[in-house]
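Single-letter residue listing:
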Amino acid sequence: MEMSPNTVSSALLPWSLWLLFFVTSVTQTTSSAPTPETSPLANTTLLFSSGAPSFNMRNCSCSAPIRDCDEALANSLCRCHTVLRSALPPAGLREPGQLTVWVKELWVLKELLNMSAIGHLQLSFCGIETVDSQYLALLGLRTLRIHSAVPEASYPNQEIAISPTAVELEVPSFDSSSSLHMTFVDVAVLNGLSSLKAYSVVGPSAPGLSQHFPHLALPFASLTSDPCDDSTAAEPLPNVLITFVY
């Protein structure tokens, strides 16, 4: 999957971040659990590419579970409309609730999801060939569900919670309510070849992260854009919690 300069494209990035936070961070590893084979849950937004080649997206609102990757069923049971690929929001999505995305082509991850703010995400991979390791950056992610249609998938349905508390992180002073939570997902998890795992690190302040990784399109850039502005200087700068899912 080709990634632009403002997206995460290198498999070495998580390890670079780990070295940056090594002195002050704490690692937490979490295993996944199996999930049902239907999606999405009630009152969920469902997105999937449509047409061949896929120049459009179908945006559906579903009130009942839909079998993964069954486009005909989704079009029949859900309220759907077409969104042109050219009309996708360049800054990513803002979806605090449940979002399900069926992935047939990896451009969907790059152009639709990268740097999106999503609370609960299900990614259903509807392809049959495995994908290479690349990284998808998400903001505020709390739960991630993965379905894989790859024939050799040993773990076709998984779910993982990625909202560690201060106790779990062993950092009593950490306040998740005032921090920015970033999640980097290795899209190779769509292959379903191993169980989902995650670890979290408490990093430096948001401006410090921007300094070390200037090409990340982070949402707190405005906090450091004008150091002479008293209104922004008085605001506390957010700490960063970074979770890697692999």
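Attention in this report is confined to the structure presented alongside it. (Residues numbered from 1 in each chain as written. Predicted model: local features only at pLDDT ≥ 70, side-chain atom pairs only at ≥ 80, totals over all residues. Heavy atoms only, no water.)

## Here we look at the overall build of the protein chain
In step 1: The helix and strand tally for the protein chain stands at six helices and 14 strands.
In step 2: Of all 246 residues assigned to the protein chain, the portion counted as buried reaches 48%.
In step 3: Here the analysis covers contacts within the protein chain between residues at least 6 apart in sequence; of these, 66% occur between residues at least 24 apart.
In step 4: For the protein chain, the accessible surface area stands at approximately 11800 Å², while carbon and sulfur atoms represent 56% of it. (Helix = DSSP H or I, 4+ residues; strand = E, 2+ residues; numbered from the N terminus. Buried < 20%, exposed > 50% of the residue type's maximum accessible area, 1.4 Å probe, protein only. Contact = heavy atoms within 4.5 Å. Areas by Shrake-Rupley, 256 points an atom, 1.4 Å probe, with all protein chains shown as cover.)

## Some remarks on the environment of valine 201
In step 1: The residue valine 201 is located in strand β13 (residues 197-205) in this model.
In step 2: As a C-alpha pair, valine 201 and phenylalanine 244 span 43 residues in sequence and 8.6 Å in three-dimensional space.

## Considering the packing of aromatic side chains
In step 1: Per the counting criterion, the structure on display carries four aromatic pairs.
In step 2: Both rings, one in phenylalanine 48 and one in tryptophan 102, keep their centres 5.2 Å apart while their planes meet at 25°; by these two values the pair is stacked. In this pair, phenylalanine 48 is assigned in strand β3 (residues 44-50) and tryptophan 102 in strand β7 (residues 94-103), connecting sequence segments 54 residues apart.
In step 3: Judged by relative accessible area, phenylalanine 48 falls into the buried class, the value being 1%.
In step 4: Cation over ring: arginine 85 sits above tryptophan 107, and NZ or CZ is 4.0 Å from the ring centre. (Phe/Tyr/Trp six-rings, centres within 6.5 Å; stacked < 30°, edge-to-face > 60°. Lys NZ or Arg CZ within 6 Å of the ring centre and 35° of its normal.)

## Some words on the side chain of serine 148
In step 1: With respect to the helices and strands, serine 148 occurs in strand β10 (residues 143-148).
In step 2: With relative accessibility at 4%, the residue serine 148 sits in the buried group.
In step 3: With sequence-adjacent residues up to four places away left out, serine 148 is seen in contact with Phe125, Ala153, Pro156, Leu190, Asn191 and Gly192.

## Thoughts on the state of the cysteines
In step 1: A complete count under the given rule lists three disulfides for this structure.
In step 2: In this model, cysteine 60 is linked to cysteine 80 through a disulfide, with the two sulfur atoms separated by 2.1 Å. Negative torsions about the S-S bond denote left-handed disulfides, and the value of about 110° found for cysteine 60 with cysteine 80 makes this one right-handed. Taken as a pair, cysteine 60 in strand β4 (residues 56-62) and cysteine 80 in strand β6 (residues 79-84) lie far apart in primary sequence, 20 residues in all.
In step 3: The buried category is assigned to cysteine 60, whose relative accessible area is 1%.
In step 4: In this model, cysteine 62 is linked to cysteine 78 through a disulfide, with the two sulfur atoms separated by 2.1 Å. With the S-S dihedral at roughly 110°, the linkage between cysteine 62 and cysteine 78 falls on the right-handed side. Taken together, the positions of cysteine 62 in strand β4 and cysteine 78 in the loop between α2 (71-77) and β6 put the pair 16 residues apart, joining distant regions of the chain.
In step 5: Bonded cysteines in the protein chain are paired 1-5, 2-4, 3-6 when counted in the order they occur along the chain. (Disulfide = S-S within 2.5 Å.)

## Quick notes on the nonpolar core
In step 1: Among the nonpolar cores identified, the biggest contains 34 residues, and Val101, Leu109, Leu112, Leu113, Leu121, Leu123 and Leu144 are the most heavily contacted of them.
In step 2: Secondary-structure elements contributing two or more residues to this core are β7, α3 (107-113), β8 (116-125), β9 (135-139) and β10.
In step 3: With five residues, the single largest contributor to this core is α3.
In step 4: Ignoring anything within four residues of it in the chain, the contact list for leucine 113 reads Leu93, Leu99, Val101, Val108, Ile118, Leu123, Leu136, Ala137 and Leu138.
In step 5: Ranked by size, the runner-up nonpolar core spans twelve residues in total, among them Met115, Leu180, Met182 and Tyr199. (Core = buried A, V, L, I, M, F, W, Y, C linked by side-chain atoms within 4.5 Å.)

## Considering unusual backbone geometry
In step 1: If you check the backbone angles, cysteine 69 has positive phi at about 70° while not being a glycine.
In step 2: Locating cysteine 69 in the fold gives a position in the loop between β5 (66-67) and α2.
In step 3: Residue class for cysteine 69 comes out partly exposed when judged on its relative accessible area of 25%.

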